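# Summary of the model geometry
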Amino acid sequence: MERPLVSIIVPVYRVEREIARCLESIRTQSWEKIEVLLANDGSPDHSLEICRQFAEQDSRFQVLDLPHRGVSATRNTAISRASGKYIQFVDGDDYLPSDATECLVRAAESTGADLTVGHFYRVSGEHMAVRGHIKKRCVLTLGEYATEMRKAPANYYYGVLWNKLYRRSIIQREELKCPEGLSWCEDFLFNLEYLRHVRLVAAVPHPVYYYVKRPESLVVTQATVRNAIEMKRVTFSYYKKLYQALDLYEKQKMQVYGYLISGAVDGITLPDFPARLREVFPAKKPRGKTRRGRTRTRTKMRLWE
């Protein structure tokens, strides 16, 4: 198999304590054909200095020293500089298993998938647990993947960038960008836009990322009930459009609206969050009766080795 180049994008901001661990995990990847774009977002600490040390030692690492504009603008600049067949995202305070990139690339190359999604490790202090959603190694059509996502729309598995592998050609052709000006949920909006141009998705039930949960992380510090509700309003319009484009909305309308009261899995915990959302977005009762009040959707998934 020809070994395609993977562009790994790392936005860097105030991570001087964690960035060396992150970059070392990238440097030692079993998939060696990579370019690593270290996009410094005007970080005021010693993060840039550490990035430059790695770039001096390994020619695959490139430092982009940018003014502080936020993580989305920083990622967008790095995407415009990328030259790989695939794009992978890593946050500077997290790190990768040694086979992460290889696992994602081999799945994408063997299946022809436009998006590849893996499980991840959730790290909180000394505790570590595997997280994910689709349990089988399989290839799904976009409609099948959307049906799976509808079951757990707030799961980090679907929302974040860092457990996935993207085709740069799709991002470039469709001129996709990470939405700027948002404090959180920008990952999910990018994914929803990207999905509109996807034909096949490969699911890999193998952890490809160490997500380190920190109390001072941006998502936690920016989260309030008010802005959470506002972000639900914004993201739901994108979410709904995806299901409408797939002609799944009318069949799964009640389940799609369930996104509005779903709570983030492995994300923030807000007091009385679902109850508050139900007040703002009252659910309509479905007409007719279903067995035990549930509607089941069967999804056929093709397994692959």
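Above: the structure in question.
Let me begin by describing the structure that accompanies this report. No experiment lies behind these values; they were computed from the predicted model shown.

### Points about the overall build of the protein
The helix and strand inventory of the protein stands at twelve helices and ten strands. In the protein, which comprises 305 residues, the proportion classed as buried is 53%. Of all intrachain contacts in the protein linking residues separated by at least 6 positions in sequence, the fraction that spans at least 24 positions is 81%. As displayed, the protein offers around 15300 Å² of accessible surface, 48% of which is attributable to carbon and sulfur atoms.

### So, the side chain of Asp 91
The topology assignment puts Asp 91 in the loop between strand S4 (86–89) and helix H4 (100–111). The exposure class of Asp 91 is buried, given its relative accessible area of 18%. The residues touching Asp 91, leaving out its near neighbours within four places in the chain, are Val 10, Pro 11, Cys 22, Arg 75, Trp 162 and Tyr 209.

### A word on helix H8 (residues 186–195)
With nine of ten residues buried, H8 is to be regarded as a mostly interior element. All of the buried residues along H8 are Glu 186, Asp 187, Phe 188, Leu 189, Phe 190, Asn 191, Leu 192, Tyr 194 and Leu 195.

### Some remarks on unusual backbone geometry
If you check the backbone angles, Glu 175 has positive phi at about 55 degrees while not being a glycine. Checked against the element boundaries, Glu 175 lands in the loop between helix H7 (168–173) and H8. Note on Glu 175: relative accessible area 66%, which makes it exposed. One non-glycine residue, Asp 247, lies in positive phi territory at about 55 degrees. Note that Asp 247 resides in the loop between helix H10 (225–245) and helix H11 (253–257). Given the relative accessible area of 64%, Asp 247 is considered exposed.

### Focus on the nonpolar core
If you look at the biggest cluster of nonpolar residues, it comprises 45 residues, and the most contacted ones within it are Leu 115, Tyr 145, Met 149, Tyr 194, Tyr 239 and Tyr 243. The element contributing the most residues to this core is H8, with five residues. Beyond its immediate chain neighbours, meaning those up to four positions away, Met 149 contacts Tyr 158, Phe 188, Leu 192, Leu 195, Tyr 239, Leu 242 and Tyr 243. Ile 8, Leu 96, Ala 107 and Ala 108 belong to the second-largest nonpolar core, a separate cluster that totals 37 residues.

### Points about the packing of helix H1 (residues 19–27) against helix H2 (residues 47–57)
Geometrically, a packed helix pair is captured by the angle between its two axes and the distance between the axes. Across the interface, H1 lies against H2 with an axial gap of 10 Å and an inter-helix angle of 25 degrees. Looking at the two axes, H1 sits roughly parallel to H2. As for how H1 packs across H2, the hand of that crossing is right-handed. In this structure, H1 contributes Ile 19, Ala 20, Leu 23 and Glu 24 to the contact, and H2 contributes Ile 50, Cys 51 and Phe 54. Residue composition of the contact of H1 with H2, by class: six nonpolar, no polar and one charged.

### Here's the deal with helix H5 (residues 142–151)
Extensive coverage of H5 is indicated by the burial of eight of its ten residues. Along H5, the positions that sit buried rather than exposed are Leu 142, Glu 144, Tyr 145, Ala 146, Thr 147, Glu 148, Met 149 and Arg 150.

### Remarks on the environment of Gly 132
Residue placement: Gly 132 occurs in the loop between strand S6 (127–131) and strand S7 (138–141). For the pair Gly 132 and Tyr 157, spaced 25 residues apart in the sequence, the C-alpha separation amounts to 5.5 Å. Filtering out sequence-adjacent residues up to four positions away, Gly 132 remains in contact with His 119, Asn 155 and Tyr 157.

### Some points on the packing of aromatic side chains
This structure, assessed with the given rule, holds 19 aromatic pairs. Centre to centre, the rings of Phe 89 and Tyr 166 are 5.7 Å apart; their planes meet at 75 degrees, and the pair counts as edge-to-face. Linking Phe 89 in strand S4 with Tyr 166 in strand S8 (residues 164–167), this pair joins segments that are 77 residues apart in sequence. Both residues of the pair, Phe 89 and Tyr 166, count as buried. Through a chain of ring-to-ring contacts, the aromatic side chains of Phe 120, Tyr 156, Trp 162, Tyr 209 and Tyr 211 assemble into a single cluster. One residue, Arg 3, lies across the ring of Trp 31, its end atom 4.0 Å from the ring centre.

### Looking at the packing of H5 against H8
The interhelical angle for the contact between H5 and H8, taken along N-to-C directions, is 150 degrees, at an axis separation of 12 Å. Comparing the axis directions of H5 and H8 gives the class roughly antiparallel. Mapping the contact onto sequence places Leu 142, Tyr 145 and Met 149 in H5 and Phe 188, Leu 192 and Leu 195 in H8. When the residues that make up the contact of H5 with H8 are grouped by side-chain class, the tally is six nonpolar, no polar and no charged.

Rules used throughout
- Each chain carries its own residue numbering, running from 1 in the direction its sequence is written.
- Note on the predicted model: pLDDT of at least 70 is required for a residue's local features to be given, and 80 or more for side-chain atom pairs to be given and counted; whole-chain, interface and lining totals, by contrast, use all residues.
- As a rule here, side-chain values come from all non-hydrogen atoms in the structure, and water together with hydrogens is ignored.
- Think of it this way: any DSSP run of H or I at least four residues long counts as a helix, any run of E at least two long counts as a strand, and we number them from the N terminus.
- Exposure categories follow from relative accessible area, calculated using a 1.4 Å probe and restricted to protein chains: below 20% of the type maximum is buried, above 50% is exposed, and the middle band is partly exposed.
- In this analysis, two residues are considered to be in contact whenever any of their non-hydrogen atoms come within 4.5 Å of each other.
- Residue-level accessible areas treat just the shown protein chains as cover; the underlying method is Shrake-Rupley with a 1.4 Å probe.
- Among buried residues, the Ala, Val, Leu, Ile, Met, Phe, Trp, Tyr and Cys ones that are joined through side-chain atoms within 4.5 Å form a nonpolar core.
- For every element, the axis is a line fit to its C-alpha atoms; helices are fit only across the contacting stretch, and the angle between N-to-C directions ranges from 0 to 180 degrees.
- To sort the angles, those under 35 degrees are grouped as roughly parallel, those over 145 as roughly antiparallel, those from 65 to 115 as roughly perpendicular, and the leftovers as oblique.
- What makes a crossing left-handed is the near helix being turned counterclockwise from the far one by less than a right angle; a clockwise turn instead makes it right-handed.
- For this classification, the nonpolar set comprises Ala, Val, Leu, Ile, Met, Phe, Trp, Tyr, Cys and Pro, the charged set comprises Asp, Glu, Lys and Arg, and every other residue, Gly included, is treated as polar.
- Whether two aromatic rings pair depends on their centres lying within 6.5 Å, for rings of Phe, Tyr and Trp, where Trp uses its six-membered ring; planes under 30 degrees apart make the pair stacked, over 60 edge-to-face, and the rest tilted.
- Whether a charge lies above a ring is judged from NZ of Lys or CZ of Arg, which has to be within 6 Å of the ring centre and within 35 degrees of the ring normal.

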